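# Overview (structure and organization)
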Amino acid sequence: MSSIILDRTLRATCHTFLHGHGPITPRLWMERMLAMPEIELAGDEYNAGPGIDLLQGQVAGLLGKPSALFFHKAVVGQQAVLFAHRERTGRRLVAVHPKSHIAADESDAVERLSDIRLVRIGPDDAPFTLADLQGVKEPLAAVVVELPLRNAGFRAPSWEELVAISLWCQEQGIALHLDGARLWETQPFYGRSLAEIAALADSIYVSLYKGLGAPGGALIAGEGAFLEALKPWRSRMGGNLYTAFPYVLGGLYGLRHFLPRMETYHAHAVALAAALSKRDAPWAADRVMCNSFRLVWPVAAPALAAALDRMAREQGVWGFGRIISLPVRDHCFTEMVVGEATMAHSPDAIADRCAALLTAARG
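Being a predicted model, the structure only gives us computed values, none of them experimental.

### Quick word on the layout of surface pockets
- Counted as a void, the second largest pocket has a volume near 390 Å³.
- As for the second largest pocket, its lining consists of 20 residues, and the residues nearest its centre are Asp-125, Ala-152, Gly-153, Arg-155 and Trp-283.
- Counting residues per element, the lining of the second largest pocket draws most heavily on strand β11 (residues 292-297), at 4 residues.
- The residue makeup of the lining of the second largest pocket, split by class, is 10 nonpolar, 3 polar and 7 charged.

Pasting the structure below:
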């Protein structure tokens, strides 16, 4: 699927934002950091320091895991997990969804950098099920479940299905890893604590820069001995940054200010999807599983991009920065992520604006 990226310099001229937390400029990041009590902590060097210790301890506590380990980039952290399971088991195969981050968004990194082979299972537009997993006959080193599956429209397995997959992995002696890039955002959908969700897996990745709004960074949580096995891989893949304090302080800020708002973001997303269903507007999922969902527009991507561009230039309103074409003729989609900026607008107001955008795109 091809995509159109709107001019980000145009975004900088806008004063109203419908999507996510809105733009977080370097100045805003620095102002937040300077206002934090942790700014007085000694600096970190090569993944060691009081700030990193504090962040790792908070995340481990939230997830109910013995330990957590900081990584500057999720692609490094999750590859380290898979490489460690390859070494531990002697097995080369890892089960993933074909639209998962690991399979679709990392330039084939795992398979190009190692002899690991990904077994892609499940339908194109939904998470894989226990039945799909049971259909794999080769011995697996690990199973990876992405919560939610962004490239399938932010869809997540039911709680019952997730528990069944976890139990099967335990019975088979296969490690289960959760790609929780948006775990913070998905927790309200499940109505279970973060620790209850994480308890289903041997290890779990969480992001600092999506819903938590940090400049970057990720953590892997799990058993201490397993995380120790990841440290050499982190170093081998260039993960020993001289200092990571912007990521660390940004993550601590997000845990304090954004994490408590995730349930509110999810409720707003549900209400927005319902409001859209009552209008001649882009189609939204009838079951919203996190703070985000896909908007399907019955127009060609260039037409929608032109309408969004005009709205930004003429009204100072920024809607969506990326439009992705669909295989269906004259259809495309954008992603709606509810954050602090979105909360400034009622669901009806955003739905009305989306309906007006659709009319403008149709010409």
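### Concerning the nonpolar core
- Counting 96 residues, the largest nonpolar core has Leu-63, Val-143, Trp-184, Phe-293 and Trp-297 as its most contacted members.
- The next biggest cluster of nonpolar side chains, apart from the first, holds 28 residues, and it includes Phe-71, Ala-80, Ile-116 and Leu-227.

### Concerning the environment of Tyr-242
- Among the structural elements, Tyr-242 can be located in the loop between α11 (224-236) and α12 (245-257).
- For the pair formed by Tyr-242 and Arg-8, sequence separation is 234 residues and the distance between their alpha carbons is 30 Å.
- Setting aside residues no more than four positions away along its own chain, Tyr-242 makes contact with Asp-44, Glu-45 and Tyr-46.

### Looking at unusual backbone geometry
- The step from Leu-147 to Pro-148 runs through a cis peptide bond, and the omega angle for that step is -15°.
- Tracing the sequence through the fold places Pro-148 in the loop between β6 (140-146) and α8 (159-172).
- Positive phi is not limited to glycine here, since Asn-47 has a value of about 65°.
- Turning to its location among the elements, Asn-47 is positioned in the loop between α2 (26-34) and α3 (50-63).
- One non-glycine residue, Asp-108, adopts positive backbone phi at about 60°.
- Within the fold, Asp-108 resides in the loop between α5 (101-104) and α6 (109-113).
- In this structure Asp-108 comes out as partly exposed when scored by relative accessible area, which is 40%.

Reading the values: rules and limits
Residue positions within a chain follow its written sequence, with the count starting from 1. Where local features are concerned, this predicted model is filtered to residues with pLDDT of at least 70; where side-chain atom pairs are given and counted, the filter is 80 or more; whole-chain, interface and lining totals use all residues. No hydrogens and no water enter the side-chain calculation; it runs on all heavy atoms of the structure. Within this scheme a cavity is a closed region of a 1 Å grid, computed over the protein atoms alone, that accommodates a 1.4 Å probe without allowing it to escape, whereas a pocket is open but has protein on both sides within 12 Å along at least five of seven lines; lining residues each have an atom within 4 Å of a point. Grid points are joined across faces, edges and corners, and a volume is the space filled by probe spheres set on the points. Numbered from the N terminus, helices here are DSSP runs of H or I no shorter than four residues, and strands are runs of E no shorter than two. Each residue receives one of three labels: charged for Asp, Glu, Lys and Arg, nonpolar for Ala, Val, Leu, Ile, Met, Phe, Trp, Tyr, Cys and Pro, and polar for the others, Gly being one of them. What makes a nonpolar core is a set of buried Ala, Val, Leu, Ile, Met, Phe, Trp, Tyr and Cys residues whose side-chain atoms join them at distances within 4.5 Å. Buried, partly exposed and exposed residues are distinguished by accessible area as a fraction of the type maximum, computed with a 1.4 Å probe on protein chains only: under 20%, between the cut-offs, and over 50%, respectively. Contacts are assigned to residue pairs with any non-hydrogen atoms lying within 4.5 Å of each other.

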